[in-house]
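The primary structure of each chain is shown beneath.
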Amino acid sequence: MNNDIAIRTEDLTKAYKSFWGRRKILALDKLNIAIQKGEIFGLLGPNGSGKTTTLKLLLGLITPTDGRAYVLGKSTNDVAIKSKIGFLPEESCFYRFLNADETLDFYGQLFRIPGKERKLRINRLVEQAGLEFARKRPLRQYSKGMLRRIGIAQALINDPDLVILDEPTSGLDPIGTRETKDIILALKERGKTVLLCSHLLSDVQDICDRVAILDKGKLQLAGTIDELLSSKNVVEILIRNLPDEAIIEVETFIKEKKGEVISIKNSSGTLEDLFLKIHAANISNSKTDV
Amino acid sequence: MQQILVIARQTFKEAVRNKILFVFIILGLTTICCSVFMPVVGDGREKIKIVESMCFRSITFFGTLAAILLSASSIPTDIENGVLSTVTTKPVQRTTIILGKIIGFIYIIGVLLIVMGGVSYALIKFTALKQSHQGNSELMVRDQFDPDTLQITGEPTRKIGNVSWIEGGGKGSSVWKFKGLYSKDRNDDLEIKADFLVESKKRYDWGIPVNIKIINHVTGKVLTESIEISRNKPGLLRLNGESLEGSGELTIVVSPENSGDYIGISSDSLRVFFGKKSFGYNFLKGLTIISFQFFLMVIIAVLGSTFLSLPVNILFCLFVFFCGNITDFMRDLSTVINVFETHEHEHGLSALMKKSNVFVILLDYVIRKPILLLSYILPDLRNFSVGKYFTDGINIPCKTVFMSFGYAVLYTFFCLPVSFVVFKRREMA
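Residues numbered from 1 in each chain as written. Chains lettered and ligands numbered in written order. Predicted model: local features only at pLDDT ≥ 70, side-chain atom pairs only at ≥ 80, totals over all residues. Heavy atoms only, no water.

Colleague: Explanation requested: the overall build of chain A in the structure shown.
Modeller: Counting its secondary structure elements, chain A contains 9 helices and 11 strands. By sequence separation, contacts in chain A at least 24 residues apart represent 67% of the contacts at least 6 residues apart. Taken as two groups, the 44 positive and 39 negative side-chain charges of chain A have centres that lie 9 Å from each other. (Helix = DSSP H or I, 4+ residues; strand = E, 2+ residues; numbered from the N terminus. Contact = heavy atoms within 4.5 Å. Lys, Arg positive; Asp, Glu negative; His and termini not counted. Charge placed at Lys NZ, Arg CZ, Asp CG, Glu CD.)

Colleague: Would you take a moment to explain the interface of chain B and chain A for this structure?
Modeller: By a widely used convention, the size of an interface equals the accessible area lost when the partners come together. Contact with chain B, which involves 29 residues of that partner, is made by 27 residues of chain A. Taken together, the two surfaces of chain B and chain A that pack against each other cover about 2600 Å², and 58% of this comes from carbon and sulfur. B:Arg17 is the partner of A:Glu102 in a salt bridge, and the nearest nitrogen-oxygen pair spans 2.7 Å. For the interface between chain B and chain A, the tally reads 11 residue pairs in polar contact (both at pLDDT 80 or more). For the side of chain B that touches chain A, the secondary-structure elements that each account for two or more residues are α1 (2-17), α3 (44-81), α4 (83-87) and α5 (94-133) of chain B. (Buried area = accessible area lost by both parts, 1.4 Å probe. Salt bridge = Lys/Arg side-chain N within 4 Å of Asp/Glu carboxyl O. Polar contact = N/O pair within 3.5 Å; in protein donor to acceptor, adjacent residues only side chain to side chain.)

Colleague: Got a minute to help me understand the side chain of A:Arg148 in this structure?
Modeller: Residues and elements named next belong to chain A. Inspection of the secondary structure assignment puts Arg148 in helix α4 (residues 144-155). The buried charged residue Arg148 lacks any salt bridge, with Asp166 as its nearest oppositely charged partner at 6.1 Å. Ignoring sequence-local partners within four residues, the contact set of Arg148 consists of Leu88, Pro89, Glu90, Glu91, Ser92, Asp166, Glu167, Pro168, Ser170 and Leu172. (Buried < 20%, exposed > 50% of the residue type's maximum accessible area, 1.4 Å probe, protein only.)

Colleague: Please explain the sheet that holds strand β1 (residues 140-145) of chain B as it appears in this structure.
Modeller: In a beta sheet, neighbouring strands pair by backbone hydrogen bonds and run either parallel or antiparallel. All names here are of chain B. If you trace the 4 strands from one edge of the open sheet to the other, you get β1-β13-β6-β10, paired in antiparallel fashion. Among the strands making up the open sheet, the edge pair consists of β1 and β10 (235-240). Direction aside, neighbouring strands of the sheet carry axes that sit 30 degrees apart on average. Looking at chain direction, β1 and strand β13 (residues 270-278) are connected through 5 bridges and run antiparallel. If you follow Met140 over to β13, its bridge partner there is Ser278. (Pairing = 2+ DSSP bridges. Axes fitted to C-alpha atoms, helices over the stretch in contact; angles between N-to-C directions.)

Colleague: I would appreciate a short explanation of the pattern of salt bridges in the present structure.
Modeller: A side chain of one charge can pair with a side chain of the opposite charge when the charged atoms of the two come close. Within this structure, the stated rule accounts for 23 salt bridges over all chains. Across the salt bridge formed by A:Glu10 and A:Arg8, the nearest N and O atoms sit 2.3 Å from each other. With its nearest N and O atoms 2.6 Å apart, the salt bridge here joins B:Glu427 to A:Lys14. With B:Glu427 in the segment after α12 (398-425) and A:Lys14 in strand β1 (residues 5-17), this residue pair bridges two chains. Judged by its relative accessible area of 4%, A:Lys14 is buried.

Colleague: Which parts of the structure should I look at to understand the packing of aromatic side chains?
Modeller: Aromatic ring pairs: the centre-centre distance and the angle between the two ring planes describe each pair. Within the structure shown, the criterion is met by 17 aromatic pairs over all chains. Measuring from centroid to centroid gives 6.1 Å for B:Phe12 and B:Tyr107, while their planes differ by 85 degrees, and the two rings are edge-to-face. Of this pair, B:Phe12 sits in helix α1 while B:Tyr107 is found in helix α5, placing the two residues 95 residues apart along the sequence. Residue B:Tyr107 is classed as partly exposed on the basis of its relative accessible area, which comes to 33%. On the numbers, 5.2 Å between centres and 70 degrees between planes, the contact of B:Phe56 with B:Phe283 is edge-to-face. Of this pair, B:Phe56 sits in helix α3 while B:Phe283 is found in helix α6 (residues 279-305), placing the two residues 227 residues apart along the sequence. Across the pair, B:Phe283 and B:Phe56 agree in class, each one buried. Taken together, the ring pairs connect A:Phe94, A:Tyr95, A:Phe97, A:Phe106 and A:Tyr107 into an aromatic cluster. B:Lys90 extends its terminal NZ or CZ atom over the ring of A:Tyr107, reaching a point 5.2 Å from the ring centre. The ring centre of B:Phe423 lies 6.0 Å from the NZ or CZ of B:Arg94, which sits over that ring. (Phe/Tyr/Trp six-rings, centres within 6.5 Å; stacked < 30°, edge-to-face > 60°. Lys NZ or Arg CZ within 6 Å of the ring centre and 35° of its normal.)

Colleague: How should the domain arrangement of chain A be read in this particular structure?
Modeller: Structurally, chain A comprises domain 1 (5-93 + 160-229) and domain 2 (234-290). Placing the centre of domain 1 of chain A and that of domain 2 of chain A at their C-alpha centroids yields a distance of 35 Å. (Domains from an automatic or database assignment.)

Colleague: Sorry if this is basic, but what is going on with the sheet that holds strand β7 (residues 197-200) of chain B here?
Modeller: Residues and elements named next belong to chain B. Reading across from one edge, β3-β4-β12-β7 is the order of the 4 strands in this open sheet, with antiparallel pairing throughout. What marks the edges here is a single partner per strand, and that holds for β3 (158-160) and β7. Adjacent strand axes in the sheet meet at a mean angle of 20 degrees, parallel and antiparallel pairs treated alike. When strand β4 (residues 163-167) meets strand β12 (residues 261-265), the two strands line up antiparallel, connected through 4 bridges. Paired with Ile166 across the two strands is Ile263, which belongs to β12.

Colleague: Hey, could you run me through unusual backbone geometry in this one?
Modeller: Across residues other than glycine, the phi torsion is negative in most instances, and most of the peptide bonds are trans. All names here are of chain A. Here Arg112, not a glycine, exhibits a phi torsion of approximately 60 degrees, which is positive. Positionally, Arg112 belongs in the loop between α2 (100-110) and α3 (115-128). Note on Arg112: relative accessible area 48%, which makes it partly exposed. The backbone of Lys216 sits at a positive phi, close to 50 degrees, despite the residue not being glycine. Tracing the sequence through the fold places Lys216 in the loop between β10 (210-215) and β11 (218-224).

Colleague: Would you explain α1(B) in this entry?
Modeller: Because each turn of an α-helix spans 3.6 residues, side chains separated by three or four positions end up pointing in the same direction. Residue and element names in this part refer to chain B. Compared with an ideal rise of 1.5 Å per residue, which puts 16 residues at 22 Å, α1 spans 22 Å between its outermost C-alpha atoms and is within 8% of the ideal. Residues of α1 that are buried: Gln3, Ile4, Val6, Ile7, Ala8, Gln10, Thr11, Glu14 and Ala15. At the C-terminal side of α1, Lys19 shows a positive phi close to 65 degrees. (Expected span 1.5 Å × (residues − 1).)

Colleague: When you look at the nonpolar core in this model, what are you seeing that I'm missing?
Modeller: The nonpolar side chains of a soluble globular protein tend to be buried with one another. In this structure, A:Ile150, A:Leu195 and A:Leu196 are the most contacted members of the largest nonpolar core, which totals 144 residues. Not counting residues up to four positions away in its chain, the partners in contact with A:Ile150 are A:Phe94, A:Ala100, A:Leu104, A:Leu131 and A:Leu139. Counting 26 residues, the second-largest nonpolar core is a separate cluster that includes B:Trp176, B:Phe178, B:Leu190 and B:Ile214. (Core = buried A, V, L, I, M, F, W, Y, C linked by side-chain atoms within 4.5 Å.)

This is the structure we're talking about:
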């Protein structure tokens, strides 16, 4: 097997059976993907398309009806390989009677991380998750966003080579979403592989190197973002400080060259950018007040 | 091992933080303490008996309930909440999860047992102290001796199953030999308990008179006593320990006094109680045996939780607990159904049963055989029943402790691998 491949599936199929053992739902149908080490790979698709089923198969939570899957060169049944994997489930499923420190400590102990090292990692991750103010509060008192943050922290407690994230930004506010994206990008910079599944397309587009689109359990499309989205006969030029007369001249020039101008408009940012700008301004104001 | 202990601590922490452990402790202690206020008819010993009985029943009931509810619900709830699907994505074997959970439940039940046992012991001691101040009773237990041999002289009038019927008036007698009756204290009382079936051609108000002759072969002393034994109340004879002087052996000859009176005896109808033993040690043995039952229920509940949903698993465990206490009855019931086919005097249903028809076959395959099979598959929880020892003030033989331990271990060896295999195959969907 190629050492550069983090995840590979071969005709991976999962059919859920009815009570009487008959095939009921074909959740995943002959999936073939290969994810390179060090890349951020996005798994896209509508609800019920087979994204979560794929992740569960890769993590050995469920067994495939047919086909095979390899994670970091090993079979998904290999328990030892899980020490190199970090996983964030779709729902934040943790013991709600534990606080943030205890939750991370519990998972850290399952990874057999020595005490001192575990403590350091817990402190770093709690800080990274922005949960220092609530670290001693039981998780049952956490909001959905806070649970998501502690979920991401527990997925990283073992400093994994492969991080599998199921809807990582679900329930997070724009700041949390941005921070999560930054964490994912930082992981990539450190050479980690990230597989994330989401139906928030903008998030995936922002950070993923490659994506695969699933629908009704079947792989519809796979490739880099540029490959999938670039249109060869449409050109986009972004210009700063161009006077109005010059715009008219450019438009005339394009028409002379038999090109078709689709739209000319002032560039607008995204709502996310605007939100983050306001938030940053508020923070700096409150610091000045102090 | 480290991971097992991590999961065990987590399981224990869950029971503490969710306050379920405290609820069981408070309920158990309330019942135990209520035993002091139970009205008693009889002497001080009766009062102690009531307290002992209530304490052990409370410990058994609340301990078993805790064992069933906690261990039957933990794994299904964790699966339902998705916690286990997160845990199983870590480098943890599923067998580790099962073992960790079991050890966690043992922690919980252990704490419950220590607290309830400690309070019970203090309460029994306190009650006994109070009674002894009034000169009523002391807190001791005695060894129970079963007969070494039983011989019947003369012809038994009839024999049904293992019960032989002997007629009085010199027509027959039963000769029981007891061995190993030694005590450090020569003044120990010796108690003979005759639990016979009785019948008579005459009408008695209380019971039939029975002659009991106690022979000490070493000293040659012969003691003859007469007691009355009725249908519902066993005969009791208390003797001074001196009748055993120089010998650990006794021969007891029992026969009804009058012709026309009958006693029905089996090999364990006559028992001797002798020697004084520490109550505390006996109490500890009792708690140990009960803890084996809790352990067994935990193992069964964990087995059920590997493939059953929460409500079904609780029902399954309660069913096992209920049937485990009536395995004898289940076997008897199965025999009763079978007797229909073989009994000599057929009337009504039994006559119908004699003929091989659909009803007979259905009854045999749908009721009798499954009941019989269940009675052998399900654990016989009477092996862990200690109530009778404390009610009668009998020293629990060490053999019984080891037997119950062996039984629990045997059952565990069967259930645990099945749990491992089933849970390994279970999908965390």
